[in-house]
There are 2 protein chains.
Amino acid sequence: MLKERIRDIPDYPKKGILYKDLTPLFKDEHAFALCIDELANRISKKKVDYIAGIEARGFLVGAPVAYKLRKGFIPIRKKGKLPYKTVSMDYTLEYGQQTIEMHEDSLDGKENVVVIDDLLATGGTTRASIDLISSFGANITALAFIVELGYLNGREKLKGHDVISLIKY
Amino acid sequence: MLKERIRDIPDYPKKGILYKDLTPLFKDEHAFALCIDELANRISKKKVDYIAGIEARGFLVGAPVAYKLRKGFIPIRKKGKLPYKTVSMDYTLEYGQQTIEMHEDSLDGKENVVVIDDLLATGGTTRASIDLISSFGANITALAFIVELGYLNGREKLKGHDVISLIKY
(Lines give C-alpha, C1' and ligand atoms only; values in the text may rest on other atoms or scores of the structure.)
Protein backbone atom coordinates (compact mmCIF):
# COMPACT_ATOMS: atom_id res chain seq x y z
CA MET A 1 0.00 0.00 0.00
CA LEU A 2 2.74 2.45 0.98
CA LYS A 3 4.86 1.70 -2.11
CA GLU A 4 1.90 2.66 -4.30
CA ARG A 5 2.21 6.16 -2.84
CA ILE A 6 5.85 6.55 -3.87
CA ARG A 7 6.49 7.95 -7.32
CA ASP A 8 9.55 7.11 -9.42
CA ILE A 9 11.21 10.08 -11.10
CA PRO A 10 13.78 8.90 -13.66
CA ASP A 11 16.99 10.89 -14.18
CA TYR A 12 16.49 13.19 -11.17
CA PRO A 13 18.42 15.06 -9.86
CA LYS A 14 20.71 13.87 -12.67
CA LYS A 15 20.86 11.31 -15.46
CA GLY A 16 20.89 7.69 -14.31
CA ILE A 17 19.41 8.32 -10.86
CA LEU A 18 15.91 6.99 -10.13
CA TYR A 19 14.51 9.40 -7.55
CA LYS A 20 11.85 8.25 -5.07
CA ASP A 21 9.27 11.03 -4.67
CA LEU A 22 7.39 10.74 -1.38
CA THR A 23 5.03 13.70 -1.90
CA PRO A 24 2.08 11.43 -2.89
CA LEU A 25 2.61 9.54 0.38
CA PHE A 26 2.66 12.75 2.45
CA LYS A 27 -0.54 13.88 0.70
CA ASP A 28 -2.40 10.67 1.58
CA GLU A 29 -3.65 11.16 5.16
CA HIS A 30 -3.80 7.42 5.86
CA ALA A 31 -0.35 6.59 4.47
CA PHE A 32 1.22 9.61 6.17
CA ALA A 33 -0.27 8.83 9.60
CA LEU A 34 0.61 5.14 9.22
CA CYS A 35 4.28 5.99 8.59
CA ILE A 36 4.45 8.41 11.53
CA ASP A 37 2.72 5.94 13.87
CA GLU A 38 5.01 3.10 12.86
CA LEU A 39 8.19 5.16 13.17
CA ALA A 40 7.03 6.47 16.57
CA ASN A 41 6.20 2.96 17.71
CA ARG A 42 9.62 1.59 16.78
CA ILE A 43 11.49 4.61 18.18
CA SER A 44 9.54 4.41 21.46
CA LYS A 45 11.42 1.16 22.21
CA LYS A 46 14.73 3.11 22.28
CA LYS A 47 16.04 5.57 24.81
CA VAL A 48 15.12 8.95 23.35
CA ASP A 49 15.18 12.48 24.72
CA TYR A 50 15.14 14.38 21.42
CA ILE A 51 14.29 13.87 17.78
CA ALA A 52 16.73 15.54 15.38
CA GLY A 53 15.44 16.07 11.84
CA ILE A 54 17.54 16.77 8.77
CA GLU A 55 16.46 19.73 6.58
CA ALA A 56 14.04 19.84 4.85
CA ARG A 57 12.08 16.59 4.46
CA GLY A 58 13.47 15.32 7.75
CA PHE A 59 11.48 18.15 9.37
CA LEU A 60 8.34 16.89 7.64
CA VAL A 61 8.83 13.36 9.04
CA GLY A 62 10.71 14.05 12.28
CA ALA A 63 8.48 16.77 13.71
CA PRO A 64 5.28 14.64 13.71
CA VAL A 65 7.21 11.76 15.30
CA ALA A 66 8.53 14.14 18.00
CA TYR A 67 5.00 15.42 18.56
CA LYS A 68 3.54 11.91 18.79
CA LEU A 69 6.22 10.80 21.28
CA ARG A 70 6.06 14.09 23.22
CA LYS A 71 9.73 14.81 22.62
CA GLY A 72 11.49 18.01 21.67
CA PHE A 73 12.56 18.55 18.06
CA ILE A 74 16.04 19.75 17.05
CA PRO A 75 16.68 20.92 13.45
CA ILE A 76 19.84 19.96 11.55
CA ARG A 77 20.12 22.57 8.82
CA LYS A 78 22.09 23.47 5.76
CA LYS A 79 24.83 26.06 6.19
CA GLY A 80 23.69 29.61 6.90
CA LYS A 81 20.08 28.82 7.82
CA LEU A 82 20.26 28.91 11.63
CA PRO A 83 20.16 32.35 13.26
CA TYR A 84 22.15 31.73 16.46
CA LYS A 85 25.73 30.50 17.01
CA THR A 86 26.29 27.16 15.30
CA VAL A 87 28.58 24.16 15.14
CA SER A 88 29.05 22.64 11.70
CA MET A 89 30.19 19.50 9.91
CA ASP A 90 31.53 19.34 6.34
CA TYR A 91 31.05 16.25 4.23
CA THR A 92 31.28 15.13 0.63
CA LEU A 93 28.32 13.97 -1.46
CA GLU A 94 28.34 12.86 -5.07
CA TYR A 95 27.13 16.38 -5.94
CA GLY A 96 30.03 18.06 -4.12
CA GLN A 97 30.94 19.48 -0.72
CA GLN A 98 28.14 20.07 1.79
CA THR A 99 27.91 21.51 5.29
CA ILE A 100 25.26 20.93 7.96
CA GLU A 101 24.83 22.94 11.14
CA MET A 102 23.18 22.83 14.54
CA HIS A 103 22.85 25.55 17.16
CA GLU A 104 25.70 25.33 19.64
CA ASP A 105 23.19 25.00 22.50
CA SER A 106 21.14 22.27 20.78
CA LEU A 107 22.55 19.60 23.12
CA ASP A 108 24.62 19.55 26.29
CA GLY A 109 26.14 16.10 25.85
CA LYS A 110 24.07 13.75 28.00
CA GLU A 111 21.05 13.31 25.74
CA ASN A 112 19.78 10.34 23.77
CA VAL A 113 18.99 11.47 20.23
CA VAL A 114 17.17 9.78 17.34
CA VAL A 115 18.00 11.19 13.88
CA ILE A 116 15.20 11.20 11.30
CA ASP A 117 15.15 11.79 7.57
CA ASP A 118 12.64 10.79 4.91
CA LEU A 119 14.99 8.53 2.94
CA LEU A 120 18.30 6.71 3.39
CA ALA A 121 20.30 6.75 0.16
CA THR A 122 24.12 6.69 0.32
CA GLY A 123 24.04 7.73 3.99
CA GLY A 124 26.38 10.70 3.58
CA THR A 125 24.17 13.30 5.22
CA THR A 126 23.15 10.90 7.99
CA ARG A 127 26.83 10.07 8.66
CA ALA A 128 27.62 13.79 8.93
CA SER A 129 24.65 14.21 11.29
CA ILE A 130 25.98 11.41 13.51
CA ASP A 131 29.40 13.05 13.61
CA LEU A 132 27.89 16.46 14.37
CA ILE A 133 25.66 15.18 17.20
CA SER A 134 28.54 13.08 18.58
CA SER A 135 30.70 16.22 18.73
CA PHE A 136 28.39 17.41 21.53
CA GLY A 137 29.03 14.14 23.38
CA ALA A 138 25.39 13.09 22.98
CA ASN A 139 24.30 9.49 22.35
CA ILE A 140 22.59 8.45 19.10
CA THR A 141 20.15 5.63 19.83
CA ALA A 142 18.62 5.19 16.37
CA LEU A 143 18.53 6.48 12.80
CA ALA A 144 15.04 6.34 11.32
CA PHE A 145 13.72 6.70 7.76
CA ILE A 146 10.52 6.04 5.87
CA VAL A 147 12.39 4.69 2.81
CA GLU A 148 15.72 2.90 2.48
CA LEU A 149 17.43 2.43 -0.88
CA GLY A 150 19.19 -0.77 0.17
CA TYR A 151 21.06 -1.11 -3.14
CA LEU A 152 23.07 2.03 -2.30
CA ASN A 153 24.45 0.38 0.86
CA GLY A 154 23.87 3.42 3.08
CA ARG A 155 24.01 1.20 6.16
CA GLU A 156 27.71 0.64 5.51
CA LYS A 157 28.37 4.28 6.46
CA LEU A 158 26.18 3.96 9.57
CA LYS A 159 27.80 0.86 11.09
CA GLY A 160 27.38 0.40 14.82
CA HIS A 161 24.07 2.31 14.77
CA ASP A 162 20.53 1.02 14.89
CA VAL A 163 18.83 1.77 11.55
CA ILE A 164 15.02 1.79 11.28
CA SER A 165 13.30 1.94 7.88
CA LEU A 166 9.73 1.16 6.86
CA ILE A 167 9.99 0.61 3.12
CA LYS A 168 12.96 -0.99 1.37
CA TYR A 169 14.06 -1.02 -2.26
CA MET B 1 5.33 30.52 29.03
CA LEU B 2 5.62 30.18 25.24
CA LYS B 3 7.28 33.60 24.82
CA GLU B 4 10.03 32.49 27.22
CA ARG B 5 10.94 29.83 24.64
CA ILE B 6 11.44 32.36 21.84
CA ARG B 7 14.92 33.84 21.49
CA ASP B 8 15.59 37.32 20.13
CA ILE B 9 18.47 37.51 17.63
CA PRO B 10 19.37 41.17 16.96
CA ASP B 11 20.49 42.22 13.48
CA TYR B 12 19.57 38.93 11.77
CA PRO B 13 19.40 38.28 8.86
CA LYS B 14 20.53 41.90 8.47
CA LYS B 15 21.16 45.00 10.56
CA GLY B 16 18.10 46.48 12.23
CA ILE B 17 15.99 43.30 12.08
CA LEU B 18 15.13 41.58 15.38
CA TYR B 19 14.76 37.92 14.45
CA LYS B 20 12.53 35.63 16.50
CA ASP B 21 14.26 32.26 16.87
CA LEU B 22 11.77 29.47 17.63
CA THR B 23 14.30 26.64 17.98
CA PRO B 24 14.15 26.72 21.83
CA LEU B 25 10.37 26.33 21.58
CA PHE B 26 10.65 23.35 19.19
CA LYS B 27 13.19 21.75 21.55
CA ASP B 28 10.84 22.00 24.55
CA GLU B 29 8.51 19.01 24.28
CA HIS B 30 5.73 20.68 26.27
CA ALA B 31 5.82 23.99 24.41
CA PHE B 32 6.05 22.27 21.02
CA ALA B 33 3.11 19.91 21.71
CA LEU B 34 1.07 22.79 23.15
CA CYS B 35 1.53 24.83 19.97
CA ILE B 36 0.65 21.90 17.69
CA ASP B 37 -2.42 21.01 19.78
CA GLU B 38 -3.68 24.58 19.84
CA LEU B 39 -3.16 25.13 16.09
CA ALA B 40 -4.86 21.79 15.36
CA ASN B 41 -7.76 22.69 17.64
CA ARG B 42 -8.35 26.05 15.96
CA ILE B 43 -7.90 24.65 12.45
CA SER B 44 -10.33 21.78 13.19
CA LYS B 45 -13.13 24.35 13.30
CA LYS B 46 -12.51 25.18 9.60
CA LYS B 47 -13.22 23.14 6.51
CA VAL B 48 -9.92 21.46 5.77
CA ASP B 49 -8.89 18.68 3.39
CA TYR B 50 -5.15 19.38 3.27
CA ILE B 51 -2.47 21.19 5.23
CA ALA B 52 0.07 23.02 3.04
CA GLY B 53 3.37 23.90 4.73
CA ILE B 54 5.89 26.46 3.53
CA GLU B 55 9.54 25.29 3.35
CA ALA B 56 11.32 24.75 5.64
CA ARG B 57 9.98 25.67 9.10
CA GLY B 58 6.43 25.42 7.81
CA PHE B 59 7.13 21.69 7.37
CA LEU B 60 8.20 21.48 11.01
CA VAL B 61 4.91 23.05 12.18
CA GLY B 62 2.50 21.99 9.44
CA ALA B 63 3.34 18.28 9.30
CA PRO B 64 2.52 17.60 12.99
CA VAL B 65 -0.73 19.55 12.63
CA ALA B 66 -1.62 17.47 9.56
CA TYR B 67 -0.77 14.29 11.46
CA LYS B 68 -2.84 15.33 14.49
CA LEU B 69 -5.87 16.20 12.32
CA ARG B 70 -5.38 13.13 10.09
CA LYS B 71 -5.04 15.24 6.96
CA GLY B 72 -2.62 14.98 4.07
CA PHE B 73 0.37 17.31 3.92
CA ILE B 74 1.38 19.26 0.80
CA PRO B 75 4.81 20.95 0.64
CA ILE B 76 5.25 24.45 -0.80
CA ARG B 77 8.94 24.58 -1.73
CA LYS B 78 11.60 26.96 -2.94
CA LYS B 79 12.41 26.86 -6.64
CA GLY B 80 14.15 23.73 -7.89
CA LYS B 81 13.48 21.51 -4.89
CA LEU B 82 10.51 19.47 -6.12
CA PRO B 83 11.30 16.52 -8.39
CA TYR B 84 8.11 16.29 -10.47
CA LYS B 85 6.42 18.84 -12.77
CA THR B 86 5.68 22.07 -10.89
CA VAL B 87 3.67 25.25 -10.99
CA SER B 88 5.40 28.31 -9.57
CA MET B 89 4.76 31.81 -8.24
CA ASP B 90 7.26 34.67 -8.24
CA TYR B 91 7.15 37.37 -5.58
CA THR B 92 9.27 40.13 -4.15
CA LEU B 93 10.67 40.19 -0.63
CA GLU B 94 12.84 42.86 0.97
CA TYR B 95 15.79 40.56 0.19
CA GLY B 96 14.95 40.31 -3.51
CA GLN B 97 12.98 38.15 -5.93
CA GLN B 98 11.79 34.74 -4.72
CA THR B 99 9.94 31.83 -6.31
CA ILE B 100 7.88 29.11 -4.64
CA GLU B 101 6.64 25.94 -6.27
CA MET B 102 4.13 23.12 -5.85
CA HIS B 103 3.77 19.90 -7.80
CA GLU B 104 1.26 20.36 -10.62
CA ASP B 105 -0.81 17.46 -9.23
CA SER B 106 -0.81 18.78 -5.64
CA LEU B 107 -4.45 19.87 -5.90
CA ASP B 108 -7.27 19.39 -8.38
CA GLY B 109 -9.23 22.52 -7.53
CA LYS B 110 -12.01 21.45 -5.21
CA GLU B 111 -10.05 21.14 -1.97
CA ASN B 112 -10.09 23.20 1.22
CA VAL B 113 -6.52 24.04 2.19
CA VAL B 114 -5.00 25.54 5.34
CA VAL B 115 -1.56 27.13 4.86
CA ILE B 116 0.89 26.86 7.77
CA ASP B 117 4.20 28.55 8.50
CA ASP B 118 6.07 29.11 11.75
CA LEU B 119 5.91 32.90 11.67
CA LEU B 120 3.97 35.70 9.97
CA ALA B 121 6.24 38.67 9.25
CA THR B 122 5.51 40.90 6.23
CA GLY B 123 3.27 38.22 4.72
CA GLY B 124 5.02 38.12 1.34
CA THR B 125 5.62 34.39 1.20
CA THR B 126 2.15 33.64 2.57
CA ARG B 127 0.59 35.93 -0.04
CA ALA B 128 2.48 34.11 -2.81
CA SER B 129 1.32 30.78 -1.35
CA ILE B 130 -2.30 31.96 -1.45
CA ASP B 131 -1.90 33.01 -5.07
CA LEU B 132 -0.23 29.72 -5.98
CA ILE B 133 -2.90 27.57 -4.29
CA SER B 134 -5.67 29.73 -5.77
CA SER B 135 -4.22 29.13 -9.24
CA PHE B 136 -5.38 25.49 -8.86
CA GLY B 137 -8.90 26.75 -8.05
CA ALA B 138 -8.66 25.42 -4.49
CA ASN B 139 -10.16 27.20 -1.48
CA ILE B 140 -7.97 28.58 1.33
CA THR B 141 -9.88 28.33 4.60
CA ALA B 142 -7.20 29.59 7.02
CA LEU B 143 -3.61 30.77 7.34
CA ALA B 144 -2.01 29.59 10.57
CA PHE B 145 1.21 30.55 12.37
CA ILE B 146 2.77 30.06 15.78
CA VAL B 147 4.10 33.64 15.90
CA GLU B 148 2.78 36.86 14.36
CA LEU B 149 4.89 40.02 14.18
CA GLY B 150 1.90 42.34 14.29
CA TYR B 151 4.02 45.49 13.91
CA LEU B 152 4.94 44.42 10.35
CA ASN B 153 1.25 44.44 9.31
CA GLY B 154 1.44 41.11 7.48
CA ARG B 155 -2.36 40.78 7.78
CA GLU B 156 -2.71 43.66 5.34
CA LYS B 157 -1.38 41.43 2.55
CA LEU B 158 -3.69 38.59 3.60
CA LYS B 159 -6.98 40.51 3.61
CA GLY B 160 -10.12 38.46 3.18
CA HIS B 161 -8.48 35.41 4.74
CA ASP B 162 -8.82 33.96 8.21
CA VAL B 163 -5.50 34.36 10.06
CA ILE B 164 -4.71 32.22 13.12
CA SER B 165 -1.68 32.99 15.32
CA LEU B 166 -0.82 31.85 18.83
CA ILE B 167 1.77 34.42 19.96
CA LYS B 168 1.74 38.08 18.99
CA TYR B 169 4.43 40.76 19.13
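Scroll up a little and you will see the structure.
I will try to describe carefully the structure that is included in this document. (Residues numbered from 1 in each chain as written. Chains lettered and ligands numbered in written order. Predicted model: local features only at pLDDT ≥ 70, side-chain atom pairs only at ≥ 80, totals over all residues. Heavy atoms only, no water.)

Quick look at the pattern of salt bridges now. By the definition in use, this model includes 27 salt bridges over all chains. The closest approach of N and O atoms between glutamate 148 of chain A and arginine 155 of chain A, which form a salt bridge, is 2.7 Å. Arginine 155 of chain A sits in the partly exposed class, given a relative accessible area of 34%. As a salt-bridge pair, lysine 168 of chain B and glutamate 148 of chain B come within 4.0 Å of each other at their nearest N and O atoms. Separated by 20 residues along the polypeptide, lysine 168 of chain B in strand β9 (residues 163-168) and glutamate 148 of chain B in strand β8 (residues 139-148) bring together distant segments of the chain. Lysine 168 of chain B sits in the partly exposed class, given a relative accessible area of 48%. By sharing partners, the salt bridges in this structure join Arg7 and Asp21 of chain A together with Asp105 of chain B into a single network. (Salt bridge = Lys/Arg side-chain N within 4 Å of Asp/Glu carboxyl O. Buried < 20%, exposed > 50% of the residue type's maximum accessible area, 1.4 Å probe, protein only. Helix = DSSP H or I, 4+ residues; strand = E, 2+ residues; numbered from the N terminus.)

To continue, consider unusual backbone geometry. For residues other than glycine, phi is negative in most cases, and the peptide bonds are mostly trans. The omega torsion of the bond from tyrosine 12 of chain A to proline 13 of chain A falls at 0°, within 30 degrees of zero and hence cis. Among the structural elements, proline 13 of chain A can be located in the loop between β1 (7-10) and β2 (18-21). Positive phi values are uncommon outside glycine, yet asparagine 153 of chain B reaches one of about 55°. Residue asparagine 153 of chain B is classed as partly exposed on the basis of its relative accessible area of 48%.

Let us now look at a positive patch on the surface. Side chains of Lys78 and Lys81 of chain A together with Lys78 and Lys81 of chain B sit close together on the surface and give a patch of like positive charge. Tracing the chain through its elements places lysine 81 of chain B in the loop between β4 (72-78) and β5 (86-93). (Patch = residues over 30% accessible without salt bridge, like charges linked within 9 Å, V, L, I, M, F, W, Y side chains within 5 Å. Areas by Shrake-Rupley, 256 points an atom, 1.4 Å probe, with all protein chains shown as cover. Lys, Arg positive; Asp, Glu negative; His and termini not counted. Charge placed at Lys NZ, Arg CZ, Asp CG, Glu CD.)

Attention shifts here to the relation of the copies chain B and chain A. With an RMSD of 0.0 Å, chain B superimposes on chain A once it is rotated by 180° and translated 0.0 Å along the axis. Such a turn and shift between the copies fits a two-fold axis. Across chain B, the smallest distance between a C-alpha and the rotation axis is recorded for proline 64 of chain B, namely 2.1 Å. Residue by residue, 98% of the interface of chain B is reproduced at the interface of chain A, so both copies engage with the same surface. (Least-squares fit on C-alpha atoms with pLDDT ≥ 70 in both. Contact = heavy atoms within 4.5 Å.)

Turning to the sheet that holds strand β3 (residues 50-54) of chain B, a few remarks are in order. Residues and elements named next belong to chain B. Within the open sheet, the seven strands sit side by side as β5-β6-β4-β3-β7-β8-β9. Their pairing is mixed. Here the strands that pair on one side only, and so sit at the sheet edges, are β5 and β9. Strand-to-strand twist of the sheet, defined as the mean angle between neighbouring strand axes without regard to direction, takes the value 20°. Here β8 runs beside β9; their pairing, made up of five bridges, is parallel. Each bridged residue has a counterpart across the sheet, and for glutamate 148 the counterpart in β9 is lysine 168. On the sheet, helix α4 (residues 124-134) packs against β3, β4, β5, β6 (96-103), β7 (112-120) and β8 and is oriented at approximately 150° with respect to β5. (Pairing = 2+ DSSP bridges. Axes fitted to C-alpha atoms, helices over the stretch in contact; angles between N-to-C directions.)

Further remarks concern the interface of chain B and chain A. With 42 residues of chain B in contact, the opposing surface of chain A contributes 41 residues. Of all residues in chain B, Lys27, Tyr67 and Pro83 of chain B bury the most surface against chain A, accounting for 22% of the area lost on that side. The interface formed by chain B and chain A holds four salt bridges in total. Residue aspartate 37 of chain A pairs with arginine 70 of chain B through a salt bridge whose shortest N-O separation is 3.6 Å. At the junction of chain B and chain A, the tally comes to 15 residue pairs in polar contact (both at pLDDT 80 or more). Counting only elements with at least two residues in the side of chain B that touches chain A, the list comes to β1 (7-10), β2 (18-21), α1 (23-27), α2 (29-43), α3 (57-69) and β4 of chain B. Per-element tally for the side of chain B that touches chain A: the top contributor is α3 of chain B, with eight residues. A per-class count over the side of chain B that touches chain A returns 22 nonpolar, five polar and 15 charged. (Buried area = accessible area lost by both parts, 1.4 Å probe. Polar contact = N/O pair within 3.5 Å; in protein donor to acceptor, adjacent residues only side chain to side chain. Nonpolar A, V, L, I, M, F, W, Y, C, P; charged D, E, K, R; others polar.)

This brings us to the sheet that holds strand β3 (residues 50-54) of chain A. All names here are of chain A. Strand order across the open sheet formed by seven strands is β5-β6-β4-β3-β7-β8-β9, with mixed pairing between neighbours. The two strands at the open ends of the sheet, each matched to only one other strand, are β5 (86-93) and β9 (163-168). Between one strand and the next, the sheet's axes are offset by a mean angle of 20°, whatever the strand orientation. Looking at chain direction, β3 and strand β7 (residues 112-120) are connected through four bridges and run parallel. By the bridge assignment, isoleucine 51 is partnered in β7 with valine 114.

Keep in mind these values describe shape, not function.
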